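# Observations on the model geometry
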Amino acid sequence: MPEITMAGTLTADPEMRFTPSGAGVCSFTLAANDRRLDRESGEWKDMGATFLRCTVWRRQAENVADARKGDRLLIVGELKQSEWEDKNTREKRYGFDVQVREAALSLLWHPAKSARPERSGGNGGATGGGGAREPWTAGSPAPGASGGFSEEPPF
């Protein structure tokens, strides 16, 4: 399937739901506006918009669900085409949607604010994940313990 990278504006608040097994799934629509500079008039002209329905799963879905209508998102995912028959006219209809792998707020329009979640793993609450101890965040080992950590930063 073709990969797509897109910057767009949320047309409505994302819709969050959960599967029977508990997996989160979030759906939203992005509008990408095409603007071009008219060199003769020196003005920007709107050339129309492309609307794409997007779906993101699991933990990332829960994070995307916090975004709001009007927020600018950047997405990377697989572009998929769907086909169905119109119930009224019996004509074939086609649409596109994106199965999102990565999503982020655009830093062009939103300030960067890191909100790293606490991770479990027996590392005393440090957010390194995976149980790895970092000498500059973990503190000194207990007396007689091995490891050779000190209070000094490694740089």
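Residues numbered from 1 in each chain as written. Predicted model: local features only at pLDDT ≥ 70, side-chain atom pairs only at ≥ 80, totals over all residues. Heavy atoms only, no water.

## Comments concerning the overall build of the protein chain
For clarity, the cut-off: Runs of H or I in DSSP of at least four residues are treated as helices and runs of E of at least two as strands, each being numbered from the N terminus. For every residue, the accessible area (1.4 Å probe, protein chains only) is compared with the maximum for its type, and the residue is labelled buried under 20%, exposed over 50%, or partly exposed between those bounds. Residue contacts are defined here by distance: any two heavy atoms, one from each residue, within 4.5 Å place the two residues in contact.
Helix and strand counts for the protein chain stand at two helices and six strands. If you list the helices and strands of the protein chain from N to C, you get β-β-β-β-α-β-β-α. The buried share among the 155 residues of the protein chain stands at 24%. Within the protein chain, residue pairs in contact and separated by at least 24 positions form 55% of the contacts whose partners lie at least 6 positions apart.

## Some thoughts on the pairing of strand β6 (residues 92-105)
Along any regular strand the residues' side chains alternate between the sheet's two faces. Rules: At least two DSSP bridges between two strands are required for those strands to pair.
Direction of pairing for strand β4 (residues 43-57) relative to β6: parallel, over a ladder of three bridges. Pairing of R53 across the sheet is with D97, part of β6. Judged from the 13 bridges that link them, strand β5 (residues 72-85) and β6 form a sheet pairing that is antiparallel. Bridged to L79 within β6 is V98. Where β5 hands over to β6, the hairpin turn is made up of six residues, of which R90 adopts a positive phi near 65°.

## Let's talk about the side chain of D71
What counts here: Positive charges are assigned to Lys and Arg, negative charges to Asp and Glu, while His and the chain termini are left out of the count. Salt bridge, as applied in this entry: a Lys or Arg side-chain nitrogen positioned within 4 Å of an Asp or Glu carboxyl oxygen.
Counting through the fold element by element, D71 comes out in the loop between α1 (58-64) and β5. Of the side chains bearing the opposite charge, R68 lies closest to the buried D71, which forms no salt bridge; the N-O distance is 6.8 Å.

## Here's the deal with the environment of A12
By secondary structure assignment, the location of A12 is in the loop between β1 (3-10) and β2 (15-18). Separated by 17 residues in the primary sequence, A12 and T29 have C-alpha atoms spaced 7.1 Å apart.

## Comments concerning the nonpolar core
Note the cut-off: Remark: nonpolar core denotes a set of buried residues (Ala, Val, Leu, Ile, Met, Phe, Trp, Tyr, Cys) joined through side-chain atoms within 4.5 Å.
Counting 18 residues, the largest nonpolar core has F28, L30 and I75 as its most contacted members. Going through the elements one at a time, β1, β3 (24-38), β4, α1, β5 and β6 are the ones with two or more residues in this core.

## Overview of unusual backbone geometry
Positioned with a positive phi, R58 is a non-glycine residue whose angle comes to about 60°. With respect to the helices, strands and loops of the structure, R58 is situated in helix α1. For R90, which is not glycine, the phi dihedral falls at a positive 65°. In this structure, R90 sits in the loop between β5 and β6. Residue R90 is classed as exposed on the basis of its relative accessible area of 59%.

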